[in-house]
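Take a look at the letters that make up each chain.
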Amino acid sequence: MIFLTGANGFIGREFRRLLAERDAAVRLAVRSRSSVGASHQKEMATREEIAVVGDIGPYTDWRSALRGADVVVHLAAHVHRMGDQARATARRYWEVNVLGSERLARQAAASGVRRLVFCSSIKAREVDLPPATAQASVLSPGAEDPYALSKREAERRLFGVAAATGLEVVVVRPPLVYGPGVKANFLRLLRLVDRGVPLPLAWVHNVRSLVFSGNLVHCLWLCSQHPAAGGHLFEVGDGEDLSTPELLLRIGEALGRPVRLWPCPMPLLRGLGRLLAREAEIERLCGSLQVDDRPLRRLLGWRPPFSVAQGLAATVDWYRGCDQQTC
């Protein structure tokens, strides 16, 4: 049986669909029964169970929920929400992403779970923490990326649990994930292209990896089952890296909309980002970030089942069908 956290999230719901296709038994960890809405309950496969675990943190008791599970796929995480206070958010990253994940791993090992697959982030690759200063770095005012720091520290602790207990840990680091149900920056790009908003990105010459949600959950499934996956850290992507202008043109093609790009010198664009306190957003649009999925392909024989074109088409189909006020 697979024990799944984050079952109601963007990736979790896609993973549940894949498990249903494979007729796999799965137990869903939820905060409360009320957190599984009526529409979600209708979607549940006959081989899904619910386990109420409450809030995730350093004191979560996972033991009864883990009983009989063979594999844990840990998708739940605290991510940034608009309006969060910086220090309170950083503390929440630490409590949920680090201490909550470590406690889950320790109790999983004690419960006889064979493997834990942890969905991290490619952002974790860009940070490294000496063990003695990890918590201070995450919680310090002005920490560059407390989310990335918390994911990196969680990885370190999970591999520490593995070394101490024999639990097989697999870490998967995805880049930007898109697909039906996507939110945040990718949804914003969809809306901008759909509305024909001119964008000052014609002179951006970057290279970025992305991963379609269907490809990511296929990778997570493979990592949960393949005998050679244990003890490894894998980066995953669609296998086709794009510049930001190329991505926008591909989105426009899928939407059937013209894309209006105009040239703006990069120093000016980054200067505007600093002026408007949107440096991180500008960097995501203009900077390069590529994954190296060669170990995943070589060790597990993984190949993405969906192309970028298929992934964008599925995302656009969802976007056209959703309520534009709420999606």
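Note that the structure is predicted; figures quoted are calculated from it, not measured. Residue positions within a chain follow its written sequence, with the count starting from 1. Totals for whole chains, interfaces and linings use every residue, but because this is a predicted model, local features are given only for residues with pLDDT of at least 70 and side-chain atom pairs only at 80 or more, for both listing and counting. Heavy atoms throughout the structure, all of them, feed into the side-chain values; hydrogens and water do not.

Draft legend 1. A look at the overall build of the protein. The helix count covers DSSP runs of H or I at least four residues long, the strand count covers runs of E at least two residues long, and both are numbered beginning at the N terminus. Regarding its fold elements, the protein presents 13 helices and nine strands. Summary of the burial criterion: residues with accessible area below 20% of their type's maximum are buried, those above 50% are exposed, and those between are partly exposed, where the area comes from a 1.4 Å probe applied to protein chains only. Among the 327 residues that make up the protein, the fraction classed as buried is 48%. By definition in these notes, contact holds between two residues if any of their heavy atoms fall within 4.5 Å. A separation of at least 24 residues holds for 80% of the contacts in the protein among residues at least 6 apart in sequence.

Draft legend 2. Quick look at the pattern of salt bridges. Salt bridges are identified by distance alone: a Lys or Arg side-chain nitrogen within 4 Å of an Asp or Glu carboxyl oxygen. Applying the stated criterion to the full structure yields 20 salt bridges. Note that glutamate 153 and arginine 156 form a salt bridge whose closest N and O atoms lie 2.6 Å from each other. In this pair, glutamate 153 and arginine 156 are both assigned in helix H6 (residues 146-165), three residues apart and thus about one turn of the helix distant. Salt bridges sharing partners connect three or more residues here, namely Glu102, Arg106, Glu153, Arg156 and Arg157.

Draft legend 3. Seen up close, the pairing of strand E2 (residues 26-30). For E2, the buried fraction is high: five of the five residues fall into the buried class. Side chains Val26, Leu28 and Val30 project from E2 onto one buried face, and the interleaved Arg27 and Ala29 project onto a second face that is buried too. Paired strands, as defined in this entry, are two strands with at least two bridges between them according to DSSP. Of the strand pairs in this sheet, strand E1 (residues 2-5) and E2 are connected by three bridges, and their pairing is parallel. Bridge assignment links leucine 4 to a residue of E2, and that residue is leucine 28. Here the term right-handed applies to a crossover when the path leading from its first strand over the helix to its second strand runs clockwise, the strands being oriented away from the viewer. Once you follow E1 into helix H1 (residues 10-21) and on to E2, the crossover reads as right-handed. Taken together, the five bridges between E2 and strand E3 (residues 48-52) define a ladder with parallel strand orientation.

Draft legend 4. Quick look at the environment of valine 73. Secondary-structure assignment places valine 73 in strand E4 (residues 71-74). Taking the C-alpha atoms as reference points, valine 73 and glycine 6, separated by 67 residues in sequence, lie 8.9 Å from one another. The residues contacting valine 73, other than those within four sequence positions of it, are Ile2, Phe3, Leu4, Thr5, Phe15, Val117 and Ser224.

Draft legend 5. Seen up close, the packing of helix H9 (residues 244-255) against helix H13 (residues 308-321). Axis lines are fitted to C-alpha atoms, over the contacting stretch for helices. Their N-to-C directions set the angle, which ranges from 0 to 180 degrees. Where H9 meets H13, the closest approach of the two axes is 9 Å, and the angle between their N-to-C directions is 55 degrees. Relative to H13, H9 is oriented oblique. Crossing of H9 over H13 shows right-handed handedness. On the side of H9, the interface is formed by Leu247, Arg250, Ile251, Ala254 and Leu255, while H13 contributes Val308, Ala309, Leu312, Val316, Tyr319 and Arg320. Gly falls in the polar group here, along with every residue not listed as nonpolar (Ala, Val, Leu, Ile, Met, Phe, Trp, Tyr, Cys, Pro) or charged (Asp, Glu, Lys, Arg). Here the contact of H9 with H13 is composed, by residue class, of nine nonpolar, no polar and two charged. Angle categories are assigned with fixed cut-offs, so that under 35 degrees is roughly parallel, over 145 is roughly antiparallel, 65 to 115 is roughly perpendicular, and the rest are oblique. Here a crossing is called left-handed whenever its near helix is offset anticlockwise from the far helix by less than a right angle, and right-handed whenever the offset is clockwise.

Draft legend 6. Region of interest: helix H11 (residues 279-286). Buried within H11 are the following residues: Glu281, Ile282, Leu285 and Cys286. The arc enclosing the buried residues of H11, seen along the axis, measures out at 120 degrees, which places them on a common side. Taken together, the buried residues of H11 touch helix H7 (184-194), H9 and helix H10 (266-275). Throughout, the arc means the angular range of directions from the helix axis out to the C-beta atoms.

Draft legend 7. How the structure looks around the sheet that holds strand E5 (residues 115-119). Read from one edge to the other, the open sheet built from seven strands follows the order E3-E2-E1-E4-E5-E6-E9, with strand pairing classed as parallel. The open sheet is flanked by E3 and strand E9 (233-235), the only strands paired with a single partner. Strand after strand, the sheet turns through a mean of 20 degrees between neighbouring axes, direction not considered. Packing against the sheet, H1 makes contact with E1, E2, E3 and E4, and its axis sits at approximately 160 degrees to E1. Strand contacts of helix H8 (residues 213-225): E1, E4, E5, strand E6 (168-173) and E9, with the helix running at about 155 degrees to E5, the strand carrying the most contacts.

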